[in-house]
Amino acid sequence: MADAHAGALHAHQFEDADQQKDASTLGMWVFLLTEILFFGGMFLAYAVYRIAYPAAWAAASHHLDVRLGGINTVVLIVSSLTMAMAVHAAQLGRRQQLVVFLILTMLLGGVFVGIKAVEYQHKFAEGHVPGPGFHFEGADGRHAQLFFSLYFAMTGMHALHMIIGFGLLAWLLAGSLKGRFTPSYYTPVEMIGLYWHFVDIVWIFLFPLLYLLGRH
Amino acid sequence: MSHYLNHDYGIRSWLLTKDHKRIALLYLISATVMFMIGGIFALLVRLELLTPAGDLMQSETYNKMFTMHGIAMVFFFLIPAVPAVLGNFLVPMMIGARDLAFPRVNLLSWYIYTIGALFTLWAMISGGVDTGWTFYTPYSTAWSNTNVLVTGVGIFITGFSSILTGLNFIVTIHRMRAPGMTWFRLPLFIWAHYAASIIMILGTPVVAITILLLALERGLHLGIFDPALGGDPVLFQHLFWFYSHPAVYIMILPSMGVISELVACFSRKRVFGYSFIAFSSLTIALVGFLVWGHHMFVSSQSVYAGLVFSVLSFVVAVPSAVKVFNWTATLYKGTITFETPMIYAFGFIGLFTIGGLTGLFLASIGLDVHVHDTYFIVAHFHYIMVGGVIMGYLGGLHFWWPKITGRMYSEFWGRISAAIIFIGFNLTFFPQFILGYLGMPRRYHAYPEEFQVLNVMSTAGASILGVGYLIPLVYLFWSMRYGKPASDNPWGARGLEWTTPSPPPVENFPVTPVVTEEAYAYGTHGKESPVG
């Protein structure tokens, strides 16, 4: 986000490094605000249709794999921990730790997307993908299809954010191997950390809303 | 002397520039191109409506014409025009900064805009799109056999340029102000852009996801809005207008910011009620998010929701009226001069008032049911978007042109074309109020013969308006080479942007300015202010 050079230097438009860090942090939070509204459109559609068709949605939700979804939730929360550890290591200037925690975060992110792909594949095999080939065993197939439409839209958009995050982490990893980040300049690590936690939080909402309908 | 235009030459130095002033000029070129494309479609629409029968084109072609006119104008001209051109140039200069907070993001936003525009132009060339700029489902997802998908992708992409511009402005205004530039010393142009930026960052992501869901439904049969797939088309309308009504304020707020600057400068007075105008911008941004339902009074929305949206739509008119009253009070006992920008400012105030008052007609449920989807609506929003936004844009462009280019344009031609635009505009759109009230529906290529006289007036007005827009294009281009060199402050205006050379040096100010007085300190330094 910031036009920064290596070390404690700051970009020409800023007075000093503090102003630059302040600007980057505010910019990232504003960006995350736009992300909330981006996902917000889908959460609104979810709320409207879930209230309108509770029975069909509960029936459809039972066809999701809670075990895989639950494992993925744990994987993602642990990845947020390793991301936080990476930011901490960057703050203290521990380069090796930073590299290790970035790799761990990427691995966990990869596992999440892998498990998600397996789940998607099951849905294809079961014919639960919306479209002409969709079929559903329950009573209200039309509105069950609506559930799966939102399931794919929401988890798909979330997975896309994970993949973008993976790319950003790879960029951080390359930078930290070159020793770009120091205790006086680690803004990119912190900013991408914020992004990673945001994507994690979206999943924390998606998991119960999609997988745990009518299971209480 | 070295300034931002001549410190570096060549196409590369422009396409890779991170200077906000050069990026503003890149936006000026692209927005002008999109304005001309949208204008050509408008011309074709008006030509078809010259006669009652469909003799120039049939309904399919006509549907494409008004759709592509709306898309080009709304998404690619009106939304970026003032913020991305004038705002980009002026926000850092007015607050005494060397650049926006994120110059690379700023350049990225122009590239995103251009890529989105190219997608949309491709969709237009390869067959066009006929859904109306509103893309209502299920027609757009299930029935239209035109290029909805490519157009949608283009608008989706362009949305991110708007988000990035808004983000950049917000961070810049918060973090980059010069020493002494407190919030209540900011020019009202900055307050207006701050408020518009809030809408850009909160509203645009919603229309982005809406268009994405529409594309998924059309392309992959992911049912969200189509009743055949279990969905609800009214949900699309809610999501669409949640952005697209506030989008009107993205267009008009920055233009209002321009008018505050012009009125103060050319009446040589402090703006009356500075803080009221500043807060009215924020109020418009906030309340503007709560009125979208007035687009859906006849779309099976509940009566109670309709009542609430009706009341809120009246409420949002209050802060707009506050601005008009304050501008008028600023003129009172001012030393008014009628340079070209001021003629545009007067045009804005008059036309925006008519557009705003007819907006109250539409906020009243009973009357709205009568004139819904008629030419009354078309006239109303053109008074806001053309009479308001474009008047403000052209006024601002003329006002800051000497600063941007370092040259003066021809004042004679400036005044002539401002007058032609005002006359042409009213002749085009005032008859449409009457047509709508008499019941002529919008979006039809043919109409009963009794409506012809008013339609001929409207088409005649449109051709005058078109000429009015072409004249500035000629003399502004001309002035870039042959215009009289401009002094640092040709209007005797207040504001940091006038304290630096014309055109400004690369980092705007030789030394970072220190601000010691409030904005619009006209009349405190003697010479520019015969009346205090």
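Residues numbered from 1 in each chain as written. Chains lettered and ligands numbered in written order. Predicted model: local features only at pLDDT ≥ 70, side-chain atom pairs only at ≥ 80, totals over all residues.

### Brief notes about the overall build of chain B
Then, number 1: A count of helices and strands for chain B gives 15 helices and 0 strands.
Then, number 2: The C-alpha extent of chain B, read off along each of the three principal axes, is 65 × 45 × 45 Å.
Then, number 3: Sorting the 532 residues of chain B into buried and exposed places 57% on the buried side.
Then, number 4: Partitioning the contacts of chain B with sequence separation of at least 6, the portion at a separation of at least 24 is 85%. (Helix = DSSP H or I, 4+ residues; strand = E, 2+ residues; numbered from the N terminus. Buried ≥ 20, exposed ≤ 12 C-beta atoms within 10 Å, placed from the backbone. Contact = placed C-beta atoms within 7 Å.)

### Re the overall build of chain A
Then, number 1: The helix and strand inventory of chain A stands at 6 helices and 0 strands.
Then, number 2: When its helices and strands are written in sequence order, chain A yields α-α-α-α-α-α.
Then, number 3: Counting over 216 residues, chain A shows a buried share of 39%.
Then, number 4: Nonlocal contacts in chain A, meaning residues at least 24 apart in sequence, comprise 74% of its contacts between residues at least 6 apart.

### Some thoughts on helix H9 (residues 274-287) of chain B
Residue and element names in this part refer to chain B.
Then, number 1: The terminal C-alpha atoms of H9, which comprises 14 residues, lie 20 Å apart, in line with the 20 Å expected from a rise of 1.5 Å per residue.
Then, number 2: Within H9, burial applies to Tyr 274, Ile 277, Ala 278, Ser 280, Ser 281, Ile 284 and Ala 285. End-on view of H9: buried residues confined to an arc of 160°, all on one side of the axis.
Then, number 3: Buried residues along H9 sit in contact with helix H7 (188-220), helix H8 (233-267) and helix H10 (303-331). (Expected span 1.5 Å × (residues − 1). Arc of directions from axis to C-beta.)

### Describing the interface of chain B and chain A
Where interface size is quoted, it is often the accessible area lost as the parts come together.
Then, number 1: With 33 residues of chain B in contact, the opposing surface of chain A contributes 31 residues.
Then, number 2: When contributions to the side of chain B that touches chain A are tallied by element, the ones reaching two or more residues are helix H4 (103-125), helix H6 (148-175), H7 and H8 of chain B.
Then, number 3: Sort the elements by how many residues they give to the side of chain B that touches chain A and H7 of chain B lands first, with 10 residues.
Then, number 4: Considering only residue class, the side of chain B that touches chain A consists of 23 nonpolar, 6 polar and 4 charged. (Nonpolar A, V, L, I, M, F, W, Y, C, P; charged D, E, K, R; others polar.)

### Re the packing of H7 of chain B against H9 of chain B
Residue and element names in this part refer to chain B.
Then, number 1: In contact at an axis separation of 9 Å, H7 and H9 are set at 10° when each is read in the N-to-C sense. By the angle class used here, H7 and H9 are roughly parallel. In this structure, H7 contributes Leu 188, Trp 191, Ala 192, Ala 195, Ile 198 and Ile 199 to the contact, and H9 contributes Ile 277, Ala 278, Ser 281, Leu 282, Ile 284 and Ala 285.
Then, number 2: Partitioned by chemical class, the residues of the contact of H7 with H9 number 11 nonpolar, 1 polar and no charged. (Axes fitted to C-alpha atoms, helices over the stretch in contact; angles between N-to-C directions. Parallel < 35°, antiparallel > 145°, perpendicular 65-115°, else oblique.)

### Observations concerning the environment of Phe 14 of chain A
Then, number 1: Its place among the elements puts Phe 14 of chain A in the segment before helix H1 (17-52).
Then, number 2: Filtering out sequence-adjacent residues up to four positions away, Phe 14 of chain A remains in contact with Gln 19, Gln 20 and Ala 23 of chain A.

### Observations regarding unusual backbone geometry
All names here are of chain B.
Then, number 1: Look at the link from Thr 137 to Pro 138: it is a cis peptide, with omega at 0°.
Then, number 2: Mapped onto the elements of the fold, Pro 138 is located in the loop between H4 and helix H5 (139-143).
Then, number 3: Residues Ser 502 and Pro 503 are joined by a peptide bond in cis, for which omega reads -15°.
Then, number 4: Note that Pro 503 resides in the segment after helix H15 (452-482).

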